[in-house]
Amino acid sequence: MAEIIRSVKGTRDFYPDEMARRQWLLGQIRETSELFGYQYYDGPCLESIELYAAKSGEELVKEQSFVFPDRSGDLIALRPELTPTLARMVAQKQNELFFPQRWWSFGPFWRYERPQKGRTREFFQWNIDLIGADSLLADAELIALAASFLQRVGLSPDQVSVRVNHRAFANSQLMKLGLNPDQVKEMLRLIDRIDKLPPEIWKEKVLELGIDTLCFEQIQALLADLSLWEESEQLCGIFQHVQHLGLGEYICYDPSITRGLDYYTGTVFEVHDNAGEFRAILGGGHYGNLVADVGGRELAGVGFAMGDVVIDLVLQKFNAYPQELLANDGVFVTIFDEELHAKSELLAAKLRGAGLKTVLPVEIEKLGKQLKYADRVNMRFVLVLGPDEAKAGKVMVKDLVKRDQTLVGEEDLISFLKSAGLPKA
RNA sequence: GUGCCUGUAGCUCAAUGGCAGAGUGCUUCACUGUGGAUGAAGAUGUUGAGGGAUCGAGACCCUUCAGGCACCCCA
């Protein structure tokens with residue numbers, strides 16, 4: 001046998017089981033987004049490299065994007081993120097759009113990275129943005145929306161939380177300690193990495209910025225002070241609004257959240273599992289100027305992105321996927337023999353006509369085998385139409401879940417099946 | 001891109017440098033009008049791939065591919 005050609009590194013195959021989970025997740029995302037009045041949109045998967053050169057510029061495009069020349073030689077990138085596309089789409093229609101706009105999207109993205117747990121080269125991402133709003137209420141809405149999603153999929157505040165910080169607030173705290181703007185910027189990046197580096201190494205890197213020991217200790221004190229947020233008018237406001245929206249249990253202040261992306265200027269937040277087992281589930285924040293880099297006028301907004309990979313791991317870990325994903329909701333019409341074959345086909349057609357999920361064998365096998373197959377493909381009912389039933393004008397309806405069977409008259413069959421809850425919504 | 005760990009049946013894993021195995025799953029039968037259970041029988045491998053040292057390699061060495069973990073970066 002020839003060797004099976006391997007799939008591309010970092011990509012995933014979605015067999016029916018995985019596809020069912022993906023579809024369920026998309027459903028939760030759609031329902032959450034629409035519940036808050038957000039509209040579905042999408043951009044192209046292919047973008048000119050210049051779109052990213054303007055903004056993301058850094059490592060994301062240079063090192064981590066799939067880039068290739070098209071037949072005319074132009075450099076094309078498989079989109080590594082959606083924000084630049086969003087910025088372009090908004091800038092193109094800036095004069096005709098009214099604000100704020102509430103938009104959400106779900107689609108594939110590609111990053112040329114080393115695959116590991118929670119990270120693949122091809123992944124799906126939920127993007128959601130409130131564009132053209134520059135208020136605490138906007139920030140609070142997105143945080144509440146994230147929390148609402150967590151609640152909807154059945155993740156509790158004990159398991160996951162939205163960790164919130166504020167860039168400008170963190171900046172001002174560091175400025176107060178006498179750091180210059182360059183040091184502040186570098187310091188925020190280091191704070192972001194504090195959990196990943198051993199304490200000695202981390203201290204070493206801080207001191208390399210030209211920060212003295214006294215100042216280092218003051219920074220440590222800031223990071224240890226979990227009620228520091230009370231000094232921030234913005235954070236106080238956001239926490240209060242999210243509280244009013246009924247989702248306060250999910251949020252907390254976390255001074256180590258700073259976000260790597262430069263365009264965040266205000267509130268920043270990430271969702272993590274509380275045990276710290278997985279990487280960030282979702283991340284986002286407030287940006288002061290979305291569209292300037294692609295040629296538009298200044299426009300603020302707030303948004304976040306969630307990849308499908310980590311949330312899938314978390315949902316599996318906490319058994320949050322519903323059992324009904326593998327629900328038994330179909331009808332299997334057995335074929336007794338050649339003679340009764342046509343009768344079974346007529347019955348199947350009738351059931352399909354009534355909107356019931358109906359499977360008919362494509363080979364006539366022993367009844368035991370047909371039953372076993374019906375069981376394995378998660379059918380709910382098996383219909384047996386043998387000589388006895390045919391003579392009596394009835395059908396034997398076998399319930400694979402309840403493990404019993406009932407003789408039902410042909411004319412009552414559809415109402416019988418529907419009263420048992422078929423078809424599923 | 002950097003460092004470390006791991007690749008044996010579809011899956012989970014055994015096997016002092018000396019005949020490649022178990023569990024599970026799969027197929028068939030016991031069961032010629034009834035699924036999961038039980039019992040019996042059966043099939044399945046270039047030990048990820050390529051090279052090397054050795055009388056002899058699944059094991060040791062080199063290369064490569066894939067996966068995992070940490071860094072980098074980020075969803």
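The following paragraphs examine the structure supplied in this document. Being a predicted model, the structure only gives us computed values, none of them experimental.

### Digging into the overall build of chain A
Of regular secondary structure, chain A possesses 15 helices and 16 strands. Against the 2.2 N^0.38 benchmark of 22 Å for 425 residues, chain A shows a C-alpha radius of gyration of 28 Å, more extended than a compact globule. By principal-axis analysis of the C-alpha atoms, chain A measures approximately 95 × 55 × 50 Å. Every one of the 425 residues in chain A was classed for burial, and the buried ones make up 47%.

### Side note on the sheet that holds strand S14 (residues 381-384)
Strand order in the open sheet formed by five strands is S13-S12-S14-S15-S16, with mixed pairing between adjacent strands. At either end of the open sheet lies a strand with only one pairing partner, and these are strand S13 (358-359) and strand S16 (404-409). When S14 meets strand S15 (residues 394-399), the two strands line up antiparallel, connected through four bridges. Directly across from Val382, in S15, lies its bridge partner Lys398. Packed onto the sheet, helix H12 (residues 338-353) meets strand S12 (331-333), S13, S14 and S15 and runs at close to 160° relative to S12.

### Describing the nonpolar core
Among the nonpolar cores identified, the biggest contains 53 residues, and Trp126 and Val162 are the most heavily contacted of them. In terms of residue count, helix H5 (residues 136-152) provides more of this core than any other element does, 10 residues in total. By size, the runner-up hydrophobic cluster in this structure holds 21 residues, among which are Leu86, Leu290, Val291 and Val309.

### Topic: the packing of H5 against helix H10 (residues 233-244)
Contact geometry for H5 and H10: axes closest at 9 Å, N-to-C directions at 50°. As the angle between them shows, H5 and H10 are arranged oblique. Note that H5 runs across H10; the crossing there is right-handed. From H5, Leu136, Leu137, Asp139, Ala140, Ile143 and Ala144 reach across to H10, where they touch Glu233, Gln234, Gly237, Ile238, His241 and Val242. A class-by-class count of the residues in the contact of H5 with H10 yields seven nonpolar, three polar and two charged.

The rules behind the values
- Every chain is numbered on its own, with residues counted from 1 as its sequence reads.
- Whichever chain is written first becomes A and whichever ligand is written first becomes 1, with later ones labelled in order.
- Given that the model is predicted, a residue must reach a pLDDT of at least 70 before its local features are reported, and side-chain atom pairs must reach 80 or more before they are shown or counted; all residues, however, enter totals for whole chains, interfaces and linings.
- The side-chain quantities take in all heavy atoms of the structure and omit both hydrogens and water.
- Segments assigned H or I by DSSP are reported as helices when at least four residues long, segments assigned E as strands when at least two residues long, and all are numbered from the N terminus.
- With the radius of gyration taken over C-alpha atoms, the globule rule is written as 2.2 Å times the number of residues to the power 0.38.
- The classification of residues rests on relative accessible area computed with a 1.4 Å probe and restricted to protein chains. Under 20% of the type maximum is buried, over 50% is exposed, and intermediate values are partly exposed.
- Should DSSP find at least two bridges between two strands, the strands are taken to pair.
- Note on contacts: a residue pair qualifies if any of its non-hydrogen atoms lie within 4.5 Å across the two residues.
- The angle between two axes is taken between their N-to-C directions and runs from 0 to 180 degrees, where each axis is a line fitted to C-alpha atoms and a helix contributes only its stretch in contact.
- Residues enter a nonpolar core if they are buried and are Ala, Val, Leu, Ile, Met, Phe, Trp, Tyr or Cys, with the set joined through side-chain atoms within 4.5 Å.
- Working definition: roughly parallel below 35 degrees, roughly antiparallel above 145 degrees, roughly perpendicular at 65 to 115 degrees, and oblique for all remaining angles.
- By convention, the crossing between two helices is left-handed when the near helix turns anticlockwise from the far helix through less than a right angle, and right-handed when the turn is clockwise.
- Side-chain classes follow a simple rule in which Ala, Val, Leu, Ile, Met, Phe, Trp, Tyr, Cys and Pro form the nonpolar group, Asp, Glu, Lys and Arg form the charged group, and the remainder, Gly included, forms the polar group.

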